[in-house]
Amino acid sequence: MSGYGAIKCGELRAEHVGKEVDLYGWVARRRDHGGLIFIDLRDRWGVVQVVFNPADAPEAAAQAGELRGEYVVRVSGAVKRRLPGNENAKLPTGEVEVQAAELEVLTTSRTPPFPIEGEAAPEESIRLRYRYLDLRRAEMLRILAVRHRVNKIIHGYLDEQQFLEVETPMLMKSTPEGARDFLVPSRLHQGSFYALPQSPQTLKQLLMVAGVQRYYQIARCLRDEALRADRQPEFTQLDIEMSFNDEEDVFELTEGLIARLWKEVVGVELERPFPRLSIRDSLLKYGTDKPDLRYELEIADVGDLLKDTEARIFRQVLDGGGVVRALAVPGGGDLTRRELDELVGLAKSARGQGLAWFPGQIEKFLTAAEVEGIRAATGAEEGDLVLLAADRRRRAETIMGLVRAEVARRRNLVRTEEWRFAWVFPMYLFEEDDDGNLTYAHHPFTRPVEEDLAFVEERPYDVRAHAYDLVCNGYELGGGSLRIYDREMQERVFGILGLPLEKVRERFGFLLEAFEYGVPPHGGIAWGIDRVVMMLAGTDNIRDVIAFPKTQSMQDLMLGAPSPVDPVQLDELGLALKPRPPRVP
RNA sequence: GGUCCCGUGGUGUAGCCUGGCCAAACACGCGGCCCUGUCAAGGCCGAGAACGCCGGUUCGAAUCCGGUCGGGACCGCCA
């Protein structure tokens, strides 16, 4: 076989006219005229028409009658300019065709379970079951190519900037915080487990101690958490860390790379620098930490305006320490009851009580001054509808964030051609855990804004961090922080977190020890490469940018994973399966 | 842990709300025959689903109800 260097089907052009070629590819279509037979031959580069004419190649023409979809063939023949009037403007190869002299069927194919040609993808489970056929579709090969290009540009850019790519282990150590780990039992150390990396976070910090100074890695990360349209258990990060830097260096580097990617992959010149938005404003105005800025619709806090309200639903929430947030829907006065109910349903899906609105149900419980105040705060104009959510702060934000996005979508307010990047910065250092206790928002090594430590005792949740997220069009594309390098500062933070040094040592002793040997100030960022590729490929689904993804229930429908294993394997590992508790009907 | 949507020949859909006219329609695909310039080729003929599965309601269920399995979206979760 010498087809490797052969010309590609999809690359044939008028300039090749007169050449004798060998073509290798898949049969995309057969048009059999009884005498003449046309074959569309497809490879990764595209499709070209092959003509079999019994008058000049009877044997090949006879064989061609037996061809079926997805047969893999070799065709040799001459590239010819198509007869005038027979060109196909829809095909890049449409000016030419190959006059077949010889046909060799390399392999046959069963009728595929779904069409490889054609735009519409079949149901997801079928695509995943036959992923190799799904990937054969031009759209999927195109996305694979986008991903390849992204990786290549990343390598090139960071190499120019003198970054060193370093690989870190897949068999790591489990830590109780963060996402749930995937565990790997140790055979040699029975009863002990490795953990697959959630991210190379601690290792890249050690590489800074090592003096690498500029590190990056396109790293596979694994988290055993619930899936979403933009989340897979296995995903890929561009992990970056540098020394002697501040966040401005991270922003500059990142923006430069993002700008290059957008320019080279989709031909878009991005405006820089990216705007910045504090986490406080983001949650308040957009109800999310990853705002979509392609539409306005700002949420307003109207709790103060209602501090003396008689309306019971607001009274109760406000007295209970909750908040009231409001959003004006431009021209929303014409929303039907049904549409309003759907928005209420959205609020309920976030476990909220619902929504209030005016003009409408809530108006009779509010004073004219309150209504006017809220209208002013939300910028509502004549004919607008004002939606209100009253709840605990975090929940009210979630509800309003969902409502804001839904309203924008329904009313076609999203400027879909725009790329609205922003840095969410600064972020908070601490947050409240489920039990109302203070915990870290990112990880315990995130560097606080030093001046804010002055009020850490009184208002710990207002302490800012040198931490940032990169967002675009409602997606979080990456996040990072500067790290604490000063021992005193680190111990102080542990103290505030109520983490006894002993406890910390158990988990992160290796890191703390390393930091005793001359640690450079450092910080970095990690991007979700899958999401970057999603944006550049124009899909809203992470499964489309991963060659072999898992379903929402974390199964691989093609491999049939996960699967039970041979008891012998379990025994070798010193593992025994617990009987499943019987189902209680 | 929870909420919601979807599941009809190989594929994509219609039918389901308003049960009987549905052993189920349409398109593509598939098989056969005809056809020397098509390119979503065309023409003729044909095969193919008892409606994911289980149970219930009913004289009667693809259609209503419950459960279950599979896929998806979301909330929680994802330092």
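Residues numbered from 1 in each chain as written. Chains lettered and ligands numbered in written order. Predicted model: local features only at pLDDT ≥ 70, side-chain atom pairs only at ≥ 80, totals over all residues. Heavy atoms only, no water.

Here we take up the sheet that holds strand β11 (residues 276-277). Pairing in this open sheet of eight strands is mixed, and the strands run β6-β9-β10-β23-β22-β21-β16-β11 from one edge to the other. Strand pairing shows two members of the sheet lacking a second neighbour, β6 (164-165) and β11, which therefore form its edges. Bridging between strand β16 (residues 421-424) and strand β21 (residues 467-472) involves four bridges; their strand directions are antiparallel. Considered in β21, the bridge of Trp-423 is made with Leu-470. Contacts from helix α4 (residues 138-160) reach β6, β9 (214-222) and β10 (234-243), with the element oriented near 150° to β9. (Pairing = 2+ DSSP bridges. Helix = DSSP H or I, 4+ residues; strand = E, 2+ residues; numbered from the N terminus. Contact = heavy atoms within 4.5 Å. Axes fitted to C-alpha atoms, helices over the stretch in contact; angles between N-to-C directions.)

This next bit is on the environment of Trp-45. Along the chain, Trp-45 falls in the loop between β2 (37-43) and β3 (46-52). The partly exposed category is assigned to Trp-45, whose relative accessible area is 40%. Separated by 492 residues in the primary sequence, Trp-45 and Ala-537 place their C-alpha atoms 17 Å from one another. (Buried < 20%, exposed > 50% of the residue type's maximum accessible area, 1.4 Å probe, protein only.)

Formed by 43 residues in total, the largest nonpolar core has its most connected members in Ile-154, Leu-158, Leu-238, Leu-257, Leu-261, Trp-262 and Phe-421. Of all the secondary-structure elements, those providing two or more residues to this core are α4, β10, α6 (247-266), β16, β21, β22 (475-482), β23 (522-528) and α14 (529-537). By residue number, the principal contributor to this core is α4, which donates eight residues. In terms of nonpolar packing, the next biggest core, distinct from the first, is built from 24 residues, Ala-61, Val-73, Val-98 and Ala-100 among them. (Core = buried A, V, L, I, M, F, W, Y, C linked by side-chain atoms within 4.5 Å.)

Of all the nine residues making up helix α5 (residues 201-209), seven are buried; the element is thus mostly covered by neighbouring parts of the structure. Those residues of α5 that fall on the buried side of the exposure criterion are Gln-201, Thr-202, Leu-203, Lys-204, Gln-205, Leu-207 and Met-208. Here the buried face of α5 lies against β9, β10, α13 (501-514) and β23. At the C-terminal side of α5, Gly-211 shows a positive phi close to 95°.

Our next topic: the packing of aromatic side chains. According to the stated counting rule, one finds eleven aromatic pairs in the structure shown. Aromatic side chains Tyr-130 and Tyr-132 sit 6.4 Å apart centroid to centroid with 80° between the ring planes, which places their arrangement in the edge-to-face category. Residue classification places Tyr-130 among the partly exposed positions, given a relative accessible area of 24%. Tyr-132 sits in the partly exposed class, given a relative accessible area of 45%. Here a set of aromatic residues connected by ring pairs shows up, and it is made of Phe-251, Trp-423, Phe-425 and Tyr-468. Here the basic side chain of Lys-8 rests over the ring of Trp-45, its NZ or CZ set 5.0 Å away from the ring centre. (Phe/Tyr/Trp six-rings, centres within 6.5 Å; stacked < 30°, edge-to-face > 60°. Lys NZ or Arg CZ within 6 Å of the ring centre and 35° of its normal.)

For the rest of this paragraph, the subject is the protein's contact with RNA strand B. Near RNA strand B, the surroundings consist of 54 residues, among which Arg-82, Asn-86, Pro-113, His-442 and Arg-543 are the closest. The sugar and phosphate moieties of RNA strand B supply 57% of its atoms located within 4 Å of the protein. With respect to RNA strand B, the side chain of Asn-53 contributes an N or O atom lying 3.4 Å from a base nitrogen. The side chain of Lys-90 places a nitrogen or oxygen atom 3.1 Å from a phosphate oxygen of RNA strand B. Sorting the residues of the surface near RNA strand B by element identifies β1 (20-32), β2 and α2 (124-129) as the ones contributing at least two each. The residue inventory of the surface near RNA strand B, partitioned by class, reads 15 nonpolar, 20 polar and 19 charged. (Near = heavy atom within 4 Å. Polar contact = N/O pair within 3.5 Å; in protein donor to acceptor, adjacent residues only side chain to side chain. Nonpolar A, V, L, I, M, F, W, Y, C, P; charged D, E, K, R; others polar.)

Attention now goes to the confidence of the model for chain A. For chain A, per-residue confidence averages 93 on the pLDDT scale, and 99% of positions sit at 70 or higher. We note a pTM of 0.94 for the whole complex and an ipTM of 0.93 for its interfaces. (pLDDT = per-residue confidence, 0-100.)

Right, let's get into the sheet that holds strand β13 (residues 323-329). The strands making up a sheet associate through backbone hydrogen bonding, with each pair oriented either parallel or antiparallel. The sheet built from four strands is open, its strands ordered β12-β13-β15-β14 with antiparallel pairing. Two strands in the sheet have a free side with no partner beyond their single neighbour: β12 (300-301) and β14 (356-358). One ladder, built from seven bridges, connects β13 with strand β15 (residues 385-391); its direction is antiparallel. Looking across to β15, one finds that Arg-325 is bridged to Ala-389. Strand contacts of helix α10 (residues 368-378): β12, β13, β14 and β15, with the helix running at about 65° to β13, the strand carrying the most contacts.

This next bit is on helix α7 (residues 279-286). Among all positions of α7, only Ile-279, Ser-282, Leu-283, Leu-284 and Tyr-286 are buried. Along its buried surface, α7 packs onto β11, β12, β13, α11 (393-410), β16 and β17 (427-428). Backbone geometry just downstream of α7 places Gly-287 in the positive-phi region, at approximately 70°.

A grouping of Met-170, Leu-171 and Tyr-194 is seen on the molecular surface, where their side chains present a nonpolar patch of about 270 Å² in accessible area. Considering the arrangement of structural elements, one finds Leu-171 in the loop between β6 and β7 (183-185). (Patch = residues over 30% accessible without salt bridge, like charges linked within 9 Å, V, L, I, M, F, W, Y side chains within 5 Å. Areas by Shrake-Rupley, 256 points an atom, 1.4 Å probe, with all protein chains shown as cover. Salt bridge = Lys/Arg side-chain N within 4 Å of Asp/Glu carboxyl O.)

Quick look at the pattern of salt bridges now. Under the counting rule described, the total for this entry stands at 48 salt bridges. In this structure, the salt-bridge partner of Arg-415 is Glu-296, at a minimum N-O distance of 3.1 Å. One end of the pair, Arg-415, is in the loop between α11 and β16; the other, Glu-296, is in the loop between α7 and β12, and 119 residues separate them in sequence. Of the residues examined, Arg-415 reaches a relative accessible area of 24% and is grouped as partly exposed. You can call Glu-296 exposed: its relative accessible area is 51%. A salt bridge links Arg-325 to Glu-397, with the shortest nitrogen-to-oxygen separation between them at 3.5 Å. With Arg-325 in strand β13 and Glu-397 in helix α11, this residue pair connects regions lying 72 residues apart in the sequence. Per residue, the accessibility class of Arg-325 equals that of Glu-397, and both read buried. Connected through salt bridges with shared partners, the residues Arg-127, Arg-131, Asp-134, Arg-137 and Asp-544 form a single ionic network.

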